[in-house]
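# Secondary and tertiary structure notes
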Amino acid sequence: MTVKVTAQMVKELREKTGAGMMDCKKALTEVNGDMEAAIDFLREKGLSSSASKADRIAADGTTSVYINGNEAILLEVNAETDFVAKNEGFQTLVKELAEHLLATKPATIEEANESKLDNGLTVADHISNAVAKIGEKITLRRYEIRTKTDNDAFGPYLHMGGRIGVLVVLEGSTDEQAAKDIAMHVAALNPKYVSRDQVSEEEVEREKKVLTEQALNEGKPENIVAKMVEGRIGKYFEDICVLDQAFVKNSDQKVGEFVKTTGGTLKEFIRYAVGEGIEKREENFADEVASQLKGN
């Protein structure tokens, strides 16, 4: 009985071996869908050059911002170590991916990996080729694309060579330097929202409940707790809303006040920190260097 080779099977084999999509499909077809036999087939053919990388954790890497006219993309591409993130080949790959994704605008990571570059390879296969050359697991983790009008400004900012990447959209102002300064502020203070009206009532009520309990536990009289909570909730908004924060370039001025001087409004911001949310294996630095020298 012939087993139908599905896209999910191809995806699973690629994740396990790091081989190209077409090679995985061919291997599964050759062995009638037997996953373990397909892995051996790829190894025997020398097509599983990145197989030893597949179970590694790619929690390092870089963020990058690419702007083309009125369109911009912020993306994160992960690798296993900071060494590779600074590698010229890796940086070239990131630039190629940014240009391709901004031009094709795939809706999901899955669609992005299946989309084809000008060289005829899918993004997934192009990354696999880079893995084979560079020697580390590399993944396209996430990206977001934004558009603006001629009356708006993009604010790109990369901190520590791309460890943190920010893209700001300043609406109604063409002051690109101001937009970049706001992006730098976002990189430094990591706000969650632009303004208070973006914070849900549920979140505000939850915070008020916590602050009320804190005040009562401090032994404060109930008749002044409500006033204390209102004062503290203001501080809470300063922590999470960028327009309420003291501007990093001028602590005497709120970001909201600075934005007004541009004649525009802060429409939105996107902030990526490399590896956030990814569990990274703790390794001894000396061991990491030794690993790099061995080419693992």
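Residues numbered from 1 in each chain as written. Predicted model: local features only at pLDDT ≥ 70, side-chain atom pairs only at ≥ 80, totals over all residues. Heavy atoms only, no water.

With that settled, consider the overall build of the protein chain. From N to C terminus, the protein chain includes twelve helices and eight strands. Taken across its 296 residues, the protein chain has 45% of its residues classed as buried. Sequence-distant contacts in the protein chain: of pairs separated by 6 or more residues, those separated by 24 or more amount to 63%. Working note: accessible area of the protein chain is about 16100 Å², and carbon and sulfur atoms make up 47% of it. (Helix = DSSP H or I, 4+ residues; strand = E, 2+ residues; numbered from the N terminus. Buried < 20%, exposed > 50% of the residue type's maximum accessible area, 1.4 Å probe, protein only. Contact = heavy atoms within 4.5 Å. Areas by Shrake-Rupley, 256 points an atom, 1.4 Å probe, with all protein chains shown as cover.)

Direction vectors running N to C along helix H5 (residues 88–104) and helix H7 (residues 123–134) enclose 175°, while the axes themselves pass 11 Å from each other. Put simply, H5 runs roughly antiparallel to H7. For the pair H5 and H7, the contacting residues are Gly89, Phe90, Leu93, Glu96, Leu97 and His100 in the first and Val123, His126, Ile127, Ala130 and Ile134 in the second. When the residues that make up the contact of H5 with H7 are grouped by side-chain class, the tally is seven nonpolar, three polar and one charged. (Axes fitted to C-alpha atoms, helices over the stretch in contact; angles between N-to-C directions. Parallel < 35°, antiparallel > 145°, perpendicular 65-115°, else oblique. Nonpolar A, V, L, I, M, F, W, Y, C, P; charged D, E, K, R; others polar.)

Our next topic: helix H8 (residues 176–189). The end-to-end C-alpha distance of H8 is 20 Å, a good match for the 20 Å that 14 residues give at a rise of 1.5 Å each. For H8, the complete set of buried residues consists of Ala178, Ala179, Asp181, Ile182, Ala183, His185, Val186 and Ala187. The inward-facing, buried residues of H8 abut strand S4 (153–159), strand S5 (164–171), strand S6 (246–247), helix H11 (255–261) and strand S8 (265–273). By the N-cap criterion, in which a side-chain oxygen at the helix start approaches the backbone nitrogen of a residue two or three places on, H8 is capped by Asp175, the distance to Gln177 being 3.3 Å. Just downstream of H8 lies Asn190, where phi reads positive at about 55°. (Expected span 1.5 Å × (residues − 1). Polar contact = N/O pair within 3.5 Å; in protein donor to acceptor, adjacent residues only side chain to side chain.)

Time to look at the pattern of salt bridges. All chains considered together, the criterion is met by 16 salt bridges. For Glu203, the salt bridge identified is with Lys192, shortest N-O distance 3.3 Å. Placement of Glu203 in helix H9 (residues 201–217) and of Lys192 in the loop between H8 and H9 is noted, with a sequence separation of eleven residues between them. Residues joined in a network through salt bridges with shared partners are Glu76, Arg141, Arg142 and Glu276. (Salt bridge = Lys/Arg side-chain N within 4 Å of Asp/Glu carboxyl O.)

Before going further, it helps to examine the sheet that holds strand S1 (residues 60–68). Strand order in the open sheet formed by three strands is S1-S2-S3, with antiparallel pairing between adjacent strands. Whereas interior strands pair on both sides, the edge strands pair on one side only; in this sheet they are S1 and strand S3 (139–147). Shown here is a sheet whose adjacent strand axes are inclined to one another by a mean of 15°, direction ignored. Here S1 runs beside strand S2 (residues 71–79); their pairing, made up of nine bridges, is antiparallel. The partner of Thr62 across the bridge, within S2, is Val77. (Pairing = 2+ DSSP bridges.)

What follows deals with the sheet that holds S4. Sheets are built from strands that pair by backbone hydrogen bonding, the pairs being arranged parallel or antiparallel. The three strands are arranged S4-S5-S8 in an open sheet whose pairing can be described as antiparallel. Whereas interior strands pair on both sides, the edge strands pair on one side only; in this sheet they are S4 and S8. Mean inter-strand twist for the sheet, computed between neighbouring axes without regard to direction, equals 15°. Pairing between S4 and S5: seven bridges, direction antiparallel. Pairing of Leu158 across the sheet is with Gly165, part of S5.

Before going further, it helps to spend a moment on unusual backbone geometry. One non-glycine residue, Asn32, lies in the positive phi region at around 55°. Relative to the helices and strands, Asn32 resides in the loop between helix H2 (21–30) and helix H3 (35–44). Positive phi is not limited to glycine here, since Met160 has a value of about 55°. Relative to the assigned elements, Met160 resides in the loop between S4 and S5. We classify Met160 as exposed; its relative accessible area is 60%.

With that settled, the discussion passes to the side chain of Asp152. One can find Asp152 in the loop between S3 and S4. One buried charge, Asp152, has no salt-bridge partner; the nearest side chain with opposite charge is Lys267, at 6.2 Å. Polar contacts involving the side chain of Asp152 include one to the side chain of Thr149, which spans 2.9 Å. Residues contacting Asp152, with those up to four places away along its chain left out, are Leu170, Glu171, Gly172, Ser173 and Thr174. (Lys, Arg positive; Asp, Glu negative; His and termini not counted.)

Right, let's talk about the nonpolar core for a bit. One finds Leu75, Val77, Phe90, Ile127, Ile138 and Leu140 to be the most contacted residues of the largest nonpolar core, which totals 22 residues. Secondary-structure elements contributing two or more residues to this core are S2, helix H4 (82–85), H5, H7 and S3. Broken down by element, the residue count for this core peaks at seven residues, all from H5. Non-local contacts of Ile138, meaning those with residues more than four positions away in its chain, are made with Val77, Asn78, Phe90, Leu93, Ile127, Ala130 and Val131. Residues Tyr157, Ala178, Ala179 and Leu266 belong to the second largest nonpolar core, which totals 21 residues. (Core = buried A, V, L, I, M, F, W, Y, C linked by side-chain atoms within 4.5 Å.)

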